[in-house]
Amino acid sequence: MSEVCIENPDFMELEPISSEKYKHVIDIQKLLTPPRSERSALLILNQRITMVDLFLKLWEIYDVKVCADGAANYLYRLCEENGLRHEDYMPHYIVGDLDSILPEVESFYKDAGVYVVKQTTQYSTDFMKSINLITCHFYASNFVQNLEANKNEVNFGVSLERGIHEIYDTIKDKSILKQLNVLATGGIDGRFDQTINSIAQLYTLPKTDPYIRLSYLTTTDLIFLVPAGGTLIEFDRDFRQNCIGNCGLLPIGLPTMVKETIGLKWDIANWPTSVTTGRVSSNNRFVGDSNCYINVEECIVLNVEIKKEALAKYL
């Protein structure tokens, strides 16, 4: 079949997409504000927190807040620089090899009762230590109770090298776990190798931890993975008009075939895409009134430009 590329009007009232065409549904707004009925975690990675108003609103939304190592420095600085009470912004956990957290910040949070859990293994990143800890918090038997019972012990009784991973491994059947929404901040805008590692997690977590829905919020974008097969991307009409800018279909993993899109400014079909060929659908945008349909052979990263000043008003 021949390649297709169609330029659409800037706004379209789409016909309903048949449910037979898609296996997955991703609601963009729920990536940012998951329903209270679903488990959620805000993962703060090791970069300066610049979107202050937006960050403070997200803080109120998520069940659990986790700082990966040096991210605690930036959370502490956020309060200091903006006249915020530290006690109102205490993370539930700080985890990592703790080579980046400042000694005075570590002491402050420990004294305040935060679970500061050191993991020295260099065979996993602070990101994966954090992800495993989040899973343990929600799904490992008596995890929080055991930490509290061992609060006077070294490292809360958790093995220093890879204790969190060992507890995580006790959760045998992860295929039956209920969905866990994780929004990560600070994972994309910094060092390039760390950015690539963050993107790699979008591809690997669906295989190792399929119950986790991971997305990244940067100063410019919301970034998540569109799985293989048909996917319906949903959003509120006003939200799209006021909070969303351009988007891009990014084959950062395997080359893939975009079988069909419906509701983009430039809809494509039977369109091979890969980084090595330079054929990438960047600078695209949603034009459907409340949804967009994407069907790809292999998983693909979707970045959605976010207008952060407007977004804070919608949370």
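So, here is what we can say about the structure in this document. All of these numbers come straight from a predicted model, not from anything done at the bench. (Residues numbered from 1 in each chain as written. Predicted model: local features only at pLDDT ≥ 70, side-chain atom pairs only at ≥ 80, totals over all residues. Heavy atoms only, no water.)

## Some remarks on the pairing of strand β7 (residues 180-185)
Right, on to step 1. Most of β7 is tucked away: six of the six residues are buried.
Right, on to step 2. Judged by which residues are buried, β7 turns out to be covered on both faces: Leu180, Val182 and Ala184 on one side and Asn181, Leu183 and Thr185 on the other are all buried.
Right, on to step 3. With six bridges joining them, strand β3 (residues 39-44) and β7 adopt parallel strand pairing. Its bridge partner lying in β7, alanine 41 is registered against valine 182.
Right, on to step 4. Of the strand pairs in this sheet, β7 and strand β8 (residues 212-217) are connected by six bridges, and their pairing is parallel. Across the sheet, the residue bridging to alanine 184 is tyrosine 216, located in β8.
Right, on to step 5. Once you follow β7 into helix α8 (residues 192-208) and on to β8, the crossover reads as right-handed. (Buried < 20%, exposed > 50% of the residue type's maximum accessible area, 1.4 Å probe, protein only. Helix = DSSP H or I, 4+ residues; strand = E, 2+ residues; numbered from the N terminus. Pairing = 2+ DSSP bridges. Right-handed = clockwise from strand over helix to strand, strands pointing away.)

## Topic: the packing of aromatic side chains
Right, on to step 1. All told, the structure shown has 13 aromatic pairs when counted by the stated rule.
Right, on to step 2. Three or more aromatic residues joined by ring pairs form one cluster here, namely Tyr93, Tyr115, Phe143 and Phe156.
Right, on to step 3. The cationic tip of lysine 265 hangs over the ring face of tryptophan 266; the distance from NZ or CZ to the ring centre is 5.9 Å.
Right, on to step 4. Between the NZ or CZ atom of arginine 279 and the centre of the ring of tryptophan 271, over which it lies, the distance is 4.6 Å. (Phe/Tyr/Trp six-rings, centres within 6.5 Å; stacked < 30°, edge-to-face > 60°. Lys NZ or Arg CZ within 6 Å of the ring centre and 35° of its normal.)

## Observations regarding the sheet that holds strand β10 (residues 229-234)
Right, on to step 1. Judged by pairing direction, the sheet is mixed, and its six strands sit side by side in the order β1-β13-β12-β15-β10-β2 without closing on themselves. Where the open sheet ends on each side, the last strands, each with one partner, are β1 (4-7) and β2 (24-27). The mean inter-strand angle of the sheet, taken between neighbouring strand axes irrespective of direction, is 20°. (Axes fitted to C-alpha atoms, helices over the stretch in contact; angles between N-to-C directions.)

## Comments concerning unusual backbone geometry
Right, on to step 1. Phi is positive for aspartate 69, close to 50°, though the residue is something other than glycine.
Right, on to step 2. Mapped onto the elements of the fold, aspartate 69 is located in the loop between β4 (64-68) and α3 (71-82).
Right, on to step 3. Its identity is not glycine, yet asparagine 142 carries a phi of approximately 55°, on the positive side.

## Section: the sheet that holds β3
The strands making up a sheet associate through backbone hydrogen bonding, with each pair oriented either parallel or antiparallel.
Right, on to step 1. The strand order β6-β5-β4-β3-β7-β8-β9-β16-β11-β14 describes an open sheet built from ten strands, whose pairing is mixed. Since the sheet does not close on itself, it has two edges, and those belong to β6 (115-118) and β14 (281-285), each with one partner. Across the sheet, the mean angle separating the axes of adjacent strands is 25° when strand polarity is ignored.
Right, on to step 2. Taken together, the five bridges between strand β11 (residues 244-250) and strand β16 (residues 300-306) define a ladder with antiparallel strand orientation. Of the residues in β16, the one forming a bridge with glycine 248 is asparagine 303.
Right, on to step 3. Lying over the sheet, α3 contacts β3, β4 and β5 (93-96), oriented at roughly 115° with respect to β4.
Right, on to step 4. Packed on one face of the sheet, helix α5 (residues 126-139) meets β3, β4, β5, β6, β7 and β8 and runs near 155° to β3. (Contact = heavy atoms within 4.5 Å.)

## A short note on the pattern of salt bridges
Right, on to step 1. In the structure shown here, the tally under the stated rule is 16 salt bridges.
Right, on to step 2. For aspartate 10, the salt bridge identified is with arginine 285, shortest N-O distance 3.1 Å. One end of the pair, aspartate 10, is in the loop between β1 and β2; the other, arginine 285, is in strand β14, and 275 residues separate them in sequence.
Right, on to step 3. Taking the relative accessible area as the measure of exposure, aspartate 10 reaches 46% and is therefore partly exposed.
Right, on to step 4. A salt bridge links arginine 237 to aspartate 289; the nearest nitrogen and oxygen atoms lie 3.6 Å apart. Of the two residues, arginine 237 sits in helix α9 (residues 237-243) while aspartate 289 sits in the loop between β14 and β15 (291-296), which places them 52 residues apart along the sequence.
Right, on to step 5. Accessibility expressed as a relative area gives 35% for arginine 237, which makes it partly exposed.
Right, on to step 6. Linked by salt bridges that have partners in common, Glu7, Asp10, Lys265 and Arg285 make up one network. (Salt bridge = Lys/Arg side-chain N within 4 Å of Asp/Glu carboxyl O.)

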